Each structure stands twice: as C-alpha cells, then as structure tokens.
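Secondary and tertiary structure notes
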Amino acid sequence: MIDVFQEFQLPMNVEATLNKEEAIADCQYIVHAIPVQQSRLFLATVRDYVPPDLPIISVSKGMESGTGCMMSKIIAASLHKKQPAVFISGPSFAK
C-alpha cells in the first residue's frame, strides 16, 4: 500500500498501487483516464499485462496532437487490435 493523498480515505475494497501488473491482475475492466497526449506512451508500458479480452472504458477526451487519432485508434494500436473498449466523452467544464 502506498501513502498518496493521505487526507483522503479509500474504500476498504480499493487499494492504491504503483505496480502495473498488480493493478491489472484479476480486474474485470480498466478505466483509462490518462490525458490523450500521454496515452500511447502509457499504454505501451502496460500492454504486456493487459489481456486482449479485457474491456477498456476510456474517459480520455480529444485527439492526439500530430496524428489526429482519437482514443479508439490509440487503444487498438497500443494494446490489442480487437481490444474491447467503450468511450465516454462530452463537454468538460474543468478549470
């Protein structure tokens, strides 16, 4: 267990980890919330741990600079070509 954001208490069934293999092991799906511009690089670092049938829920919005790729293309290129995935997007009012 790591001590991150000590002022917040995680639910008992949630554990924080920096270990990619441990984080993905035995999960039912992955919520991908990495900024689009960093997604391709990040996904390359976890590819070996992500089973090709594990669903990805992507909440990253926008297009990749330089390629114009959306997350559907980035996930297919970075993980597995037929990786099951859903994409949630919409307006953002983040500061």
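Just so you know, these numbers come straight off a predicted model, no measurement behind them. Every chain is numbered independently, its residues counted from 1 as its sequence is written. It should be noted that, the model being predicted, local features are given only for residues of pLDDT at least 70 and side-chain atom pairs only at 80 or more, the latter also being counted only at that level, while totals for whole chains, interfaces and linings use all residues. Side-chain measures here rest on the full set of heavy atoms in the structure, leaving out hydrogens and waters.

1. Remarks on the nonpolar core
How we decide: Among the buried residues, those of types Ala, Val, Leu, Ile, Met, Phe, Trp, Tyr and Cys that are joined through side-chain atoms within 4.5 Å form a nonpolar core. Relative accessibility under 20% of the residue-type maximum defines a buried residue, over 50% an exposed one, and the middle range a partly exposed one, all with a 1.4 Å probe and only protein chains included. Elements are defined by DSSP. Helices are runs of H or I of four residues or more, strands are runs of E of two residues or more, and each kind is numbered from the N terminus. Note on contacts: a residue pair is in contact if any heavy atoms of the two residues lie within 4.5 Å.
Counting residues in each nonpolar core, the largest one holds 12 residues, listed as I24, I30, V36, L43, V46, V50, L54, I56, M71, I74, I75 and L79. Mapped by element, the contributors of at least two residues to this core are helix 2 (36–46) and helix 3 (71–78). In this structure I56 touches I30, H32, V50, I75, L79, Q83, P84, A85 and V86, once residues within four positions along its chain are discounted.

2. Considerations on the sheet that holds strand 2 (residues 56–58)
Our working rule: Strands are labelled as partners when DSSP assigns at least two bridges between them. Helix axes are fitted only over the stretch in contact, all axes being lines through C-alpha atoms; the angle between N-to-C directions runs from 0 to 180 degrees.
Ordered in space as 1-2-3, the 3 strands form an open sheet in which the pairing is parallel. The strands lining the two open edges of the sheet, one partner per strand, are strand 1 (30–32) and strand 3 (85–87). Looking at each pair of strands side by side, their axes are set apart by 20° on average, direction ignored. Relative to strand 3, strand 2 runs parallel, the two being bridged by 3 bridges.

3. Observations regarding helix 3
Here is the rule: Starting at the helix axis, one direction is taken to each C-beta atom, and the arc is that of these directions.
Burial in helix 3 covers these residues: M71, I74, I75 and S78. Within helix 3, the buried residues cover an arc of 95° as seen down the axis, which keeps them to one side. Exposed and facing more than 90 degrees away from the buried side of helix 3 are K73 and A77. Contact partners of the buried residues in helix 3: strand 1, helix 2, strand 2 and strand 3.

4. Observations concerning the packing of helix 2 against helix 3
Using the following cut-off: Note that the term roughly parallel is reserved for angles under 35 degrees, roughly antiparallel for angles over 145, roughly perpendicular for angles of 65 to 115, and oblique for everything else. Note: crossing handedness is left-handed where the near helix turns anticlockwise from the far helix by less than a right angle, and right-handed where it turns clockwise. Residue polarity is assigned by list, with Asp, Glu, Lys and Arg as charged and Ala, Val, Leu, Ile, Met, Phe, Trp, Tyr, Cys and Pro as nonpolar; anything else, Gly included, falls into the polar class.
Close contact between helix 2 and helix 3 brings their axes to 9 Å; oriented N to C, the two are set at 15°. It follows that helix 2 is roughly parallel to helix 3 by the angle criterion. Once helix 2 is placed against helix 3, the crossing between them reads as right-handed. In this structure, helix 2 contributes V36, S39, R40 and L43 to the contact, and helix 3 contributes M71, I74, I75, A77 and S78. Within the contact of helix 2 with helix 3, the residues separate by chemical class into 6 nonpolar, 2 polar and 1 charged.

5. Some points on the environment of A33
Along the chain, A33 turns up in the loop between strand 1 and helix 2. Judged by relative accessible area, which is 53%, A33 ranks as exposed. A sequence separation of 25 residues divides A33 from S58, and the C-alpha atoms of the two residues are 6.3 Å apart. Each residue touching A33, except ones within four places of it in the same chain, is listed here: V59 and S60.

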